[in-house]
Amino acid sequence: MIRNRKDLAKVKRIVVKVGTSTITYPNCSRNFARIDHLCRELADLHNKGLEVILVTSGAVAVGSERLGLKEKPKTIPGKQAAAAVGQGILMNTYEKLFAEYGQIVAQVLLTRTEVLDRHRYTNSRNTFMELLKQGVIPIVNENDVVALDDLKIGDNDNMSALVAGIVDADLDILLSDIDGLYTANPKTHPDAKLVYEVREITPEVEASAGAAGSGFGTGGMFTKIQAAKAATSSGISMIIASGTEPNAITRILQGEQLGTLFISRENRLQFRKRWLAFGSRIEGSLTVDAGCAKAIRRPGGSSILPAGIKDVSGEFEAGHTVSVRDEDGNELARGLTHYSSLELEKIKGHKSSDIVSILGEKTYDEVIHRDDLVIL
Ligand code: GLU
């Protein structure tokens, strides 16, 4: 468990994510100096005894360059074709360089399907574990060629948090073209300061990252904060740092004050809860009153009863994953609901003892049991 920078020296299993802008030039060609440094550094850490998983972007950019396109394609088939061309080139580059440093690599392409489905999630974990056992460095990217819309994770920041959850990593390091989280957008606020440590991702922290799409960096700070939220809420700490800093990973692991460290909220979640927080699809949401919001955050937690629910949105069935929000709309938790949205519309605000008279039957007293609830 990482509580501060000193604990980073104890890390055994890391996920490192590199963004397109870190490993390619603006004209989409590969930045061999960077890729070589990265492979050399990771190989060295692996030789020291660390288990390493690399999540890499860049397939679309590298494919666009090979296809002689003037700019990155805008259409989905165009992007997918470029990714199909680029992924092979990317792997070829990693394979050659890692082999130079005595490492075996494996290509792992994932989509959201692997995380939505519990069996596939468990199965992909088994593959990762076997690869790590055999001393292999898995190299992960989204399977852009087949992933579409709602089956797409969409950005490798969130992908790396998912992978960190699947393999139960100690730390997830995101290397990109920004130094970390600033108190405000440094491009528009020159007095913005780098935040070295975040213990809780409050609405203020989210606000300092800006809205989706306003990104000042690949994927934008917004997706990085989303990823940090997913990772830290299930017990995995995350670091966002600059990929241009020489030997950033090694220096971070030596405790040097580089980038922003997001400290995980609680002890490791069980594998099932991690799937809930990271993987499952959110089908709707429940708004709870202040009393309920407070109760679920207490140490030891609390289940959600119909009485605490003020509003229900979305259409979902019993067994689906829903997000739990406070009255200001902030997401507090995610959990598996025992009741459908239609049933909840009828029983919200009522005592559990009234459920039978309202619905004609009662399957559970609680809407979400505390064991099926992950606090974010
Ligand atoms: N999978 C995409 C690629 O390799 C990148 C996604 C991202 O940049 O987050 O080009």
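Bear in mind that the values here come from a model prediction, so they are computed numbers and not experimental data.

Rules behind the numbers
- Residues numbered from 1 in each chain as written.
- Predicted model: local features only at pLDDT ≥ 70, side-chain atom pairs only at ≥ 80, totals over all residues.
- Heavy atoms only, no water.
- Helix = DSSP H or I, 4+ residues; strand = E, 2+ residues; numbered from the N terminus.
- Rg over C-alpha atoms; globule rule 2.2 N^0.38 Å.
- Contact = heavy atoms within 4.5 Å.
- Lys, Arg positive; Asp, Glu negative; His and termini not counted.
- Charge placed at Lys NZ, Arg CZ, Asp CG, Glu CD.
- Axes fitted to C-alpha atoms, helices over the stretch in contact; angles between N-to-C directions.
- Parallel < 35°, antiparallel > 145°, perpendicular 65-115°, else oblique.
- UniProt positions renumbered as here; feature names shortened; annotations may be inferred.
- Core = buried A, V, L, I, M, F, W, Y, C linked by side-chain atoms within 4.5 Å.
- Buried < 20%, exposed > 50% of the residue type's maximum accessible area, 1.4 Å probe, protein only.
- Salt bridge = Lys/Arg side-chain N within 4 Å of Asp/Glu carboxyl O.
- Left-handed = near helix turned anticlockwise from the far one by under 90°.
- Nonpolar A, V, L, I, M, F, W, Y, C, P; charged D, E, K, R; others polar.

### A look at the overall build of the protein chain
Point 1. When you go through the protein chain residue by residue, the secondary structure sums to 14 helices and 13 strands.
Point 2. Relative to the compact-globule value of 21 Å for 376 residues, the protein chain shows a C-alpha radius of gyration of 22 Å, a close match.
Point 3. Along the first, second and third principal axes, the C-alpha set of the protein chain runs to 70 × 45 × 45 Å.
Point 4. Once local pairs closer than 6 in sequence are excluded, the contacts in the protein chain between residues at least 24 apart make up 73%.
Point 5. Taking the average place of the 46 positive charges on the side chains of the protein chain and the average place of its 48 negative ones, the gap between the two points comes to 3 Å.

### A closer look at the packing of helix α3 (residues 59–66) against helix α4 (residues 76–100)
Point 1. Packing of α3 against α4 leaves a shortest axis separation of 6 Å and a crossing angle of 95°. Looking at the two axes, α3 sits roughly perpendicular to α4. Listed contacts from α4 to Ala-59, Val-60, Val-62, Gly-63, Ser-64 and Arg-66 of α3 are Lys-79, Ala-82, Ala-83, Val-85, Gly-86, Gln-87, Ile-89 and Leu-90.

### Digging into the UniProt feature "domain: PUA" (unreviewed entry) in the protein chain
Point 1. Following the UniProt record, one finds the feature "domain: PUA" (unreviewed entry) at residues 284–368.
Point 2. As annotated, residues 284–368 comprises 24% helix and 25% strand, and the C-alpha atoms at either end are separated by 13 Å.

### So, the nonpolar core
Point 1. Counting residues in each nonpolar core, the largest one holds 41 residues, and the members touching the most others are Ile-14, Leu-42, Leu-54, Tyr-94, Phe-98, Leu-171 and Ile-249.
Point 2. Ranked by the residues each element gives to this core, the list is headed by α4, at eight residues.
Point 3. Counting residues in hydrophobic clusters, the runner-up holds 38 residues, among them Val-15, Val-55, Ala-164 and Val-205.

### Regarding the pattern of salt bridges
Point 1. Per the stated rule, a full pass over the model turns up 15 salt bridges.
Point 2. Across the pair Glu-197 and Arg-199 runs a salt bridge, and its minimum N-O distance is 3.0 Å.
Point 3. Bridged by salt links that share partners, the residues Lys-17, Asp-157 and Lys-224 form one connected network.

### Observations regarding the packing of helix α2 (residues 32–48) against α4
Point 1. One way to put it is that α2 packs onto α4 with a least axis distance of 9 Å and a crossing angle of 50°. Looking at the two axes, α2 sits oblique to α4. Seen along the crossing, α2 lies across α4 with a hand that is right-handed. Note on element contacts: α4 touches α2 through Thr-93, Tyr-94, Leu-97 and Phe-98, opposite Phe-32, Ile-35, Asp-36, Leu-38, Cys-39, Leu-42 and Ala-43.
Point 2. Here the residues of the contact of α2 with α4 are counted per class, giving nine nonpolar, one polar and one charged.

### Looking at the UniProt feature "binding site: substrate" (unreviewed entry) in the protein chain
Point 1. Feature annotation in UniProt places "binding site: substrate" (unreviewed entry) on Ser-57, Asp-144 and Asn-156, given in this structure's numbering. A compact arrangement is adopted by the annotated residues: their sequence extent is 100 residues, whereas the largest C-alpha distance between any two is 11.1 Å.
Point 2. Take Ser-57: it is sitting in the loop between β2 (51–56) and α3.
Point 3. Here Ser-57 is in contact with Lys-17, Val-18, Gly-19, Thr-20, Ile-23, Leu-90, Asn-141 and Asn-156, once residues within four sequence places are set aside.
Point 4. Within the secondary structure, Asp-144 sits in the loop between β4 (136–142) and α7 (156–167).
Point 5. Setting aside its immediate chain neighbours within four residues, Asp-144 contacts Val-60, Gln-80, Ala-83 and Lys-152.

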